[in-house]
Amino acid sequence: MCGIIGCVTRSRDIVPVLIEGLKRVEYRGYDSAGIAAIERGGELGIRKVEGKIDKLVALVDEHPIEGPTGVGHTRWATHGVPSELNAHPQTDATGKIALVHNGIVENYNALRRSLEAKGYAFRSETDTEVLANLISENYDGNLEAAVQAAFAGVQGAYGIAVICADEPGKLVGARNGSPLVVGIGADAYYVASDVAALVRHTRDVVYLDDLEMVVATPDGFSTTTLENEDITKDIEKVTWNIDMIEKNGFPHFMLKEIFEQERTVQDAMRGRLIAAAGDAILGGLRDHRRALQNAERIIIIACGTSWHSALIGEYMIEDLGRISVEVEYASEFRYRNPVINPGDIAIVISQSGETLDTLAAMTEAQRRGATVIGIVNVVGSTIARQSDGGVYTHAGLEIGVASTKAFTSQLTVLAAMALMLGRSRDISVTEGRQIVRAMEAIPGQIAEILSRHESIKDIGTRYARHTNFLYLGRGYNFPVALEGALKLKEISYIHAEGYPAAEMKHGPIALIDERMPVVVIAPQDAFYEKILSNMQEVKARGGRIIAITSEGDDQVEKMADDVIEIPRTLPHLTPILSVIPLQLLAYHMAVERDCHVDQPRNLAKSVTVE
Ligand code: F6R
């Protein structure tokens, strides 16, 4: 969703830093962009556009601004349509204070009315302009004091960066429910909503927590609570390198990330499998291993693609760990009246670690007494920090809006967790060793699938003009069918449905004819014979089949129109392999249809609003 960057230096022009920072957070999704800088004459220069950053760059080229202190923003519309007027930075009525803001102010109407009663007039439809004027109303020559006073009355989620022309060498940031990180550079200080915006300039960062703020000047920075109590924060090292935020020769981040999976799956299991003991050790769960073993029930909570890995996790943990598991959409869980029994464990899965529904659901689970374990990708993210224990997936920065490598890393961590639970219950050391060996073989098997890229591309290109697809799978591959369908619809805008194959005859079969390609995930597992029958049902109605099947399977080959083979592995690990051809199919259909693969319309990388 929206992205924030702010920078203060002694004398360097920071406009290029702001633009570059905004480009780095483009992947989060946005529909307008803008920057503000305090120019050397002491005036606030502002440039904003509706649309993409290239348009902002053109505007700044035509009408340059420059100065050593500034803020920038990419906006994903919530209050008010995408437009130049609603784009951030928003300024106060005096035109001296410029504010960028992520999140939503819940008491925006009340605040706006009270300011209007004091004579303030508003140009935009945004809650951000209300905040800018609220700061202005409280301003008495000290920006941080004005921010503290203003936000005492604000309800809702925010991450902000603000500057004031009357204090040209000062940058103030604050957060509550929306991430904000402080970057410590050689000759500059930064604030950003996402480490990607500042990693080119520094790897030393401080993560703000809720209700905390930072004041940065060219001479240093200080952190306090929003109630002005001093706090000392640890400086942490970002482990990413710049390659992670470049495409490295790939045409899109999504393709690069699909190809990274050989390594990222390896990273997700690195140091966590013990071959001799046929077991797994997850450091972040050390304090919770007994609670997990004794749990009567585990609830896994997530959204979107992470919810699909939760479904696979359910099967894995029930199969291997023999613990009853329920999977919940975070958006439903948070507003239901869920039953949490003593000893229940909630696992939350999130790539970004910032998804608002997941965060709210986890807070609710914690409030009701559950221990919450996070499976999170982004280090230092809110969900990671709020969990009682957790496991990082170590997939590295995922930039393509459609999640790929984060999914397979989540599955790898879930498989390790299921193994760990299984070993403390029913799984023998011999079986455990066999599982470890199978897991260790997965990265090489991913490489094998990726080596078939050209033939998968050919299939994707040939089918790209169809307008409806059905995805079918059974057992472990039912959630993979859901994930394959989600990948296709989100990046190619083709309608696609995922179903458990046996459910087809309870309705969706009515849709099947020669214009409805059916993607069937049919590895040789316990459901193999059954899924062959489902394929017969499709063929009998003239449907075209693209099958994902085990290497050397000639039965499926006879029935399917197109076949993509995957190497053989244990059933619970199959999804890590079977999803990869589906990611590639979706990618190539989207490319063939000329879609904006990395930033599909209407989607945001991290959904920080309801
Ligand atoms: C789909 C996708 C989304 C996310 C969902 C949850 O490709 O990326 O469905 O999976 O928004 O996001 P996280 O995992 O960041 O909580």
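Each value, and the rule that gives it
Residues numbered from 1 in each chain as written. Predicted model: local features only at pLDDT ≥ 70, side-chain atom pairs only at ≥ 80, totals over all residues. Heavy atoms only, no water. Domains from an automatic or database assignment. Phe/Tyr/Trp six-rings, centres within 6.5 Å; stacked < 30°, edge-to-face > 60°. Helix = DSSP H or I, 4+ residues; strand = E, 2+ residues; numbered from the N terminus. Buried < 20%, exposed > 50% of the residue type's maximum accessible area, 1.4 Å probe, protein only. Lys NZ or Arg CZ within 6 Å of the ring centre and 35° of its normal. Axes fitted to C-alpha atoms, helices over the stretch in contact; angles between N-to-C directions. Parallel < 35°, antiparallel > 145°, perpendicular 65-115°, else oblique. Contact = heavy atoms within 4.5 Å. Nonpolar A, V, L, I, M, F, W, Y, C, P; charged D, E, K, R; others polar. Near = heavy atom within 4 Å. Polar contact = N/O pair within 3.5 Å; in protein donor to acceptor, adjacent residues only side chain to side chain. 1 Å grid on protein atoms, 1.4 Å probe; cavity = no way out; pocket = protein on both sides within 12 Å on 5 of 7 lines; lining within 4 Å. Sits in = over half its atoms within 2 Å of the grid points. Points joined across faces, edges and corners; volume = space filled by probe spheres on them.

Novice: Teacher, can you tell me more about the domain arrangement of the protein chain here?
Specialist: Quoted interface sizes are often the accessible area lost when the parts come together. When the domains of the protein chain are assigned, the result is domain 1 (3–238), domain 2 (242–445) and domain 3 (452–598). Put simply, the middle of domain 1 and the middle of domain 3, counted by C-alpha atoms, are 45 Å apart.

Novice: I'm lost on the packing of aromatic side chains in this one. Help?
Specialist: The geometry of an aromatic ring pair is captured by two quantities: the separation of the ring centres and the angle between the planes. Summed over all chains, the structure comprises six aromatic pairs. Ring centres of Trp307 and Tyr329 lie 3.9 Å apart, and the angle between their planes is 10°; on these two criteria the pair is classed as stacked. Here the residue Trp307 occupies a position in helix H9 (residues 304–321), and Tyr329 occupies one in strand E18 (residues 324–329), the gap between them amounting to 22 residues. The class of Trp307 is buried, set by a relative accessible area of 12%. A residue is classified by how much of its surface remains accessible, and Tyr329, at 38% relative accessible area, is partly exposed. Its end group placed over the ring of Tyr493, Arg601 keeps NZ or CZ at 3.8 Å from the ring centre.

Novice: What exactly am I supposed to notice about the packing of helix H13 (residues 405–423) against helix H19 (residues 574–592) here?
Specialist: For any two helices packed against each other, one specifies the inter-axial angle together with the distance between the axes. Running from N to C, H13 and H19 cross one another at 170°; their axes reach a closest spacing of 9 Å. Between H13 and H19, the interaxial angle falls into the category roughly antiparallel. Residue-level inspection shows Phe407, Thr408, Leu411 and Thr412 of H13 in contact with H19, the latter providing Pro575, Ile576 and Val579. Looking at the contact of H13 with H19, its residues break down into five nonpolar, two polar and no charged.

Novice: Even after reading the chapter, I still don't get unusual backbone geometry, so can you show me in this structure?
Specialist: Glycine aside, negative phi is the norm for most residues, and most peptide bonds take the trans geometry. Here the amide bond leading from His88 into Pro89 is cis, since omega sits at 5°, within 30 degrees of zero. Following the sequence through the fold, Pro89 ends up in the loop between strand E4 (69–75) and strand E5 (90–91). A positive phi angle is found at Tyr493, which is not glycine, with a value near 65°. Mapped onto the secondary structure, Tyr493 falls in the loop between helix H16 (477–492) and strand E23 (495–500).

Novice: Which parts of the structure should I look at to understand the environment of Leu134?
Specialist: Relative to the assigned elements, Leu134 resides in helix H4 (residues 127–137). On the basis of relative accessibility, which here comes to 9%, the residue Leu134 falls in the buried class. When the C-alpha positions of Leu134 and Ala77 are compared, they lie 21 Å apart, and in sequence the two are 57 residues distant. Apart from residues lying up to four places away in sequence, Leu134 is in contact with Leu111, Leu115, Ala150 and Val154.

Novice: Just checking my understanding: could you explain the site of the ligand for this structure?
Specialist: In the vicinity of the ligand, 14 residues are found, and the nearest of them are Ser306, Ser350, Gln351, Thr355 and Glu490. Taking Ser350, its side chain carries an N or O atom lying 2.7 Å from an oxygen atom of the ligand. Residue Val401 places a main-chain N or O atom 3.3 Å away from an oxygen atom belonging to the ligand. In a pocket analysis with a 2 Å cut-off to the grid points, the ligand is assigned to the largest pocket. Broken down by secondary-structure element, the contributors of at least two residues to the shell around the ligand are H9 and H16. Domain assignment of the residues forming the shell around the ligand places at least three in each of domain 2 (242–445) and domain 3 (452–598).

Novice: Can you help me understand the layout of surface pockets in this one?
Specialist: To find leftover empty space, a probe the size of one water molecule is rolled over the atoms. Of the pockets and cavities examined, the largest pocket occupies roughly 540 Å³. Lining the largest pocket are 29 residues, with Gly304, Thr305, Ala604, Lys605 and Val607 positioned closest to its centre. Secondary structure elements with two or more residues in the lining of the largest pocket: H9, strand E19 (345–350), helix H11 (356–367) and H16. For the lining of the largest pocket, the class distribution of residues is twelve nonpolar, twelve polar and five charged.

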